[in-house]
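Close look at the chain arrangement
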Amino acid sequence: MKRMKALVCCAAAACLAMVLAGCSSQQSYTPPEKSATVSSPAIGKSGTLRVGVNAGSPPLAGSPSSSSKIVGIDVDVAAALADQLGLKLEIVDVGTDPEAALKEGKVDVAMGIGSEIEVSFWRSPAYLPKGVALFSTSANATVPTKASSPKIAAQVSSTSSWQVTNEFGQDALVSENDLKSAFAALADGSAQYVAADAVIGMYAAHSGGYDAQIVALMQQPGGYCVGMLEANTELQAAVKYALAALTDGGIVSVIEKKWLGTDIDASSLPLTTGASSAMAPSGCTISKAPPASAAPAIAA
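I will try to describe carefully the structure that is included in this document. Being a predicted model, the structure only gives us computed values, none of them experimental.

So, how was this worked out
- Residues numbered from 1 in each chain as written.
- Predicted model: local features only at pLDDT ≥ 70, side-chain atom pairs only at ≥ 80, totals over all residues.
- Heavy atoms only, no water.
- Buried < 20%, exposed > 50% of the residue type's maximum accessible area, 1.4 Å probe, protein only.
- Helix = DSSP H or I, 4+ residues; strand = E, 2+ residues; numbered from the N terminus.
- Polar contact = N/O pair within 3.5 Å; in protein donor to acceptor, adjacent residues only side chain to side chain.
- Core = buried A, V, L, I, M, F, W, Y, C linked by side-chain atoms within 4.5 Å.
- Contact = heavy atoms within 4.5 Å.
- Phe/Tyr/Trp six-rings, centres within 6.5 Å; stacked < 30°, edge-to-face > 60°.
- Axes fitted to C-alpha atoms, helices over the stretch in contact; angles between N-to-C directions.
- Parallel < 35°, antiparallel > 145°, perpendicular 65-115°, else oblique.
- Left-handed = near helix turned anticlockwise from the far one by under 90°.
- Nonpolar A, V, L, I, M, F, W, Y, C, P; charged D, E, K, R; others polar.

Okay, helix α6 (residues 198-207) next. The buried count for α6 comes to eight of 10 residues, which makes it a mostly enclosed element. Listed as buried for α6 are Ala198, Val199, Ile200, Gly201, Met202, Tyr203, Ala204 and Ala205. Its side-chain oxygen at 3.1 Å from the backbone nitrogen of Val199, Asp197 defines the N-terminal cap of α6.

Attention shifts here to the nonpolar core. Ranked by internal contacts, the top residues of the largest apolar core, which has 62 residues, are Leu49 and Val239. Here Val239 is in contact with Leu81, Leu85, Val109, Val226 and Met228, once residues within four sequence places are set aside. By size, the runner-up hydrophobic cluster in this structure holds 13 residues, among which are Ile152, Tyr193, Ala195 and Ala216.

Take unusual backbone geometry next. The step from Ser40 to Pro41 runs through a cis peptide bond, and the omega angle for that step is 10°. Looking at the element boundaries, Pro41 is found in the loop between α1 (2-25) and β1 (48-53). For the bond from Pro58 to Pro59, the omega torsion is 5°, close enough to zero to count as cis. Tracing the chain through its elements places Pro59 in the loop between β1 and α2 (73-84). Although it is not a glycine, Ser157 sits at a positive phi angle of roughly 60°. For Ser157, the location among the structural elements is in the loop between β7 (152-155) and α4 (159-168).

Scanning all chains against the criterion turns up two aromatic pairs. Between the aromatic rings of Phe135 and Phe183, the centroid separation amounts to 5.7 Å while the plane-to-plane angle is 70°, which identifies the pairing as edge-to-face. Here Phe135 is found in strand β6 (residues 132-136), whereas its partner Phe183 is found in helix α5 (residues 179-188), with 48 residues between them in sequence. Phe183 matches Phe135 in its accessibility class, with the two residues each being buried.

Let us look at the packing of α2 against helix α8 (residues 251-260). Where α2 contacts α8, the axes come no closer than 10 Å and their chain directions differ by 155°. As summarised for this structure, α2 and α8 are arranged roughly antiparallel, according to the angle between their axes. For the pair α2 and α8, the sense of crossing is right-handed. Between α2, through Ile73, Asp76, Val77 and Ala80, and α8, the contact on the second element is made entirely by Ile251, Ile255, Lys258, Trp259 and Leu260. Considering only residue class, the contact of α2 with α8 consists of seven nonpolar, no polar and two charged.

Put into structure tokens, the structure is as follows:
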């Protein structure tokens, strides 16, 4: 009987080994490709979404010093957008002139279009917040007022530094060469706050190892949007629907956390007394999804 049990055990072990060997020889599962939801003439290249980015604007898009590959938040959102549409992705560096690239047919859509600028093309709801924010490393930091005589570090000759002097006066500005130096001044006590674009500032703090958070916005929250030709209504509808799926599904939040260490809900942030409404024109509204479970020189 003992010998019979031993034979059964050996046979079972051999069978299990064969099964495991068979499993290890199988290829991993690859989900089927999605069917394309848009085609020509809504897109200029069959099966591919050509996306324009400004490769000189990290963390939205840029190239690491060790590579010519373009990476960033806009690239990741574009990849998710193309996948949602059932298309392949082609990234095109359009620099600071996305309008020309769209009109010349070099790209189907352009990422990182600010809500505060005047454009002659259609813009989607925003997938990222935009606006000058005040950062602090103190969990107890309060929203400063001009009467409190704050010291606010900002990059020299930037929109943020202008916003500081405009609201708090010239004496409040601690002018620094770049955001890295601005956050260093915050860390060593030379400044009480840093002023920078919400996304760019959060990226600078996260990549620099500073435990900073946004205390307030110095402008009404605007956003970074996707732009495309006004006449391309088919692609507009498809992109708007796909972006809603990505934000509502938490994909954009995951991408934010990858690059910024957190996702930014601008709608919950307080405003400084002098915050203007210049950042929220019609055509590009903030659409912020609930949180999900996740360089080159930086200019504010």
